[in-house]
Amino acid sequence: MPTNDITKLLKFEGINFISQEENDKYIILSFVREDIRPVCPQCGSSKIHINDWRIHKATDLPINNKPVKIHIKKQRYICKDCNKTVTGSLKDIEPRKQHTNKVIPFIKEKVRFMTFKNCSQELSLSSTTTMRIFKKNTHYSEPTEFPKILHIDEFKGNSNKEKYQLAIINGETKKVFDILENRKQKTLLEYLKKPSGAPEIVVMDMWEPYYTAVKKLWPEAIIVADKFHYIRQVNWCVRDVRIRVQKSHPKGNKLKKYWKLFMMNSSKLSIFQKERLEELLSLDEELKLAYRIKESFEQAISDNGCNAHKQFDNWLDFLQTINLSEAKALYSTFENWYPEVTASFYYNYTNGVAEGINNKIKVIKRQAYGIRNFDNFRLLIMHRIS
Ligand SMILES: [Zn+2]
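Residue numbers here run from 1 along each chain, matching the order of that chain's written sequence. Where totals are concerned, whole chains, interfaces and linings use all residues; where local detail is concerned, this predicted model gives features only for residues with pLDDT of at least 70, and gives and counts side-chain atom pairs only at 80 or more.

Colleague: Help me out: how do you make sense of the domain arrangement of the protein in this one?
Modeller: One frequent convention defines the size of an interface as the accessible area lost when the parts assemble. Throughout, the edges of the domains are those of an automatic or database domain assignment. Each assigned domain of the protein is listed with its residue range as follows: domain 1 (3–94), domain 2 (102–138), domain 3 (149–226 + 350–385) and domain 4 (232–346). A C-alpha centroid distance of 74 Å is found between domain 1 and domain 4.

Colleague: I'm lost on the packing of helix α7 (residues 227–248) against helix α13 (residues 325–336) in this one. Help?
Modeller: The geometry of a pair of packed helices is captured by two quantities: the angle between their axes and the separation between those axes. Axis lines are fitted to C-alpha atoms, over the contacting stretch for helices. Their N-to-C directions set the angle, which ranges from 0 to 180 degrees. Helix numbers and strand numbers start at the N terminus; a helix is a DSSP run of H or I with at least 4 residues, a strand a run of E with at least 2. Between α7 and α13, the least distance of the axes is 9 Å, while the angle of their chain directions is 165 degrees. As judged from the angle between their axes, α7 and α13 are roughly antiparallel. Once α7 is placed against α13, the crossing between them reads as right-handed. Here α7 contributes Gln233, Val234, Cys237, Asp240 and Val241 to the contact with α13, which in turn contributes Glu326, Ala327, Leu330 and Thr333. Considering only residue class, the contact of α7 with α13 consists of 5 nonpolar, 2 polar and 2 charged. In this scheme, roughly parallel covers angles under 35 degrees and roughly antiparallel covers those over 145, while 65 to 115 is roughly perpendicular and the rest are oblique. Note on convention: the crossing is left-handed when the near helix lies turned anticlockwise from the far helix by less than a right angle, right-handed when the turn is clockwise. Here, residues touch in the contact sense if the C-beta positions derived from the backbone fall within 7 Å of one another. Side-chain classes are defined by residue name, with Ala, Val, Leu, Ile, Met, Phe, Trp, Tyr, Cys and Pro counting as nonpolar, Asp, Glu, Lys and Arg as charged, and the others, Gly among them, as polar.

Colleague: So what exactly am I meant to see when it comes to the pairing of strand β6 (residues 149–159) here?
Modeller: Across a regular strand the side chains alternate sides, sitting on one face of the sheet and then on the other. Exposed residues have 12 or fewer other C-beta atoms within 10 Å of their own C-beta, buried residues have 20 or more, and partly exposed residues fall in between, where C-beta atoms are placed from the backbone. The buried fraction of β6 amounts to 9 of the 11 residues, a majority that puts the element mostly inside the structure. Bridge count between β6 and strand β9 (residues 201–204): 4 bridges; the pairing is parallel. Residue His151 lies in a different strand from β9, and its bridge partner there is Val203. Of the pairings in the sheet, the one linking β6 to strand β7 (residues 162–170) comprises 8 bridges and is antiparallel in character. Counted as the bridge partner of Lys156 is Tyr164 from β7. Here, strands pair whenever DSSP counts at least two bridges between them. Hairpin connection from β6 to β7: 2 residues lie between these consecutive antiparallel strands, with Asn160 at a positive phi of about 50 degrees.

So this is what it looks like as C-alpha cells:
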C-alpha cells in the first residue's frame, strides 16, 4: 500500500507512515511526525533545529481483531538562540499518553456490554489501564431533579465491604436514577437532600431507615410498600413454622423434602401435590394454621382497591387471634406498615421495575474487575443502565 494511504485510512494527521511489522501479539505500525518547526516559545526565535529524536509508543484500534501499537518517531528541537528544547505535539495523541484519542470512545462503547478484561485483550492493554482510561473519560453527574415516582430498592453488591447497595430508580422512565453506597438512613437522607423537587409516590421495602428518611424529607409523599417484599414476609412466616415443626416432629424429614409445596400457590398444585400437602399439613396443627395464614393472605390481596383493603383488614383480625410467635411477629410488621401496605392496593406500583435492573447489575458484578471499589461499580452501572 502506498505509504500515506495508511495514514489516511487510520485517520491520522501530521504523521507519515514508514513501516509495518507483526508479531503474534500485535501489529506495529511505525510513523514519522511531519517536520513542522515551531518558533521558540521562550524567545520567539525561528532558529530552531532538530536536536534528537524520540519514539512515542501508543495503542490504537485493532485491525482485523488484532491489537495495534503505533510508534511515532518525533523530533525534539533546540533553539539556537536560547538553547531551549522544544517538543512539538501530536494531533491524535495527548502528550505523554500511551493511547490514541480514538481508543477512548472505543473503550466506552465496548464496556457497555463487555468486561474490562476482554476489552483490554482486544487492545492488548492491561485491565488496569483500560479501567483508568474509562474512568478518566467517563463523567457522571448526579441527577438534579426527582421524578414523580421513585423506587428505593437494595441489592447485594458487595462493594466497598458493604453487602447491600441501594438502587434509586426513576419510576417514570424505569431507569436507574442513582446508586448509593449502602442502605443506611444517613446515607439515604444525605443523598435525598441534594436533587430538587419531591416525588409524589415512593415505593420501598418495609425497611425502617428508608421510611424515616423519606418521611423526614417529604412528609406529603405517599409511601407504597413493595408487594413482593410483604408477600415474602408472609411466606417466611410459613417457612419459620415449618422449620420449627420439622425439627421436633418424627416425620420432619418429609416436611423438609417437600418444603416447596408450602410455598407454591395452592391453585397451581397438581392433584398429587395437593394430596401430599394435605397429608403433611395434617401432621401438625400449627403448621396447618400457618398455611392458612398464607392462603388467606394471598386470597385477600388478589383483589385491589377497597375490596383488597377490606379483605386485608379481615385477614389482620384473623392473624391477631392466632397464638403463634411467628404470627404475632407478622402481625406487628403489618400493623407498623399498615398505611403503606394498604396504599399498595390503590397505587399499582411495585419494585418489580427493579428486577430487570438488578439482573443487569448482576452481570456487572460477575465481571468482578475493579467493582469492589464503589465509585467504579457505580460508574459502570450508570454508564450501562442509566
Ligand atoms: Zn529561544
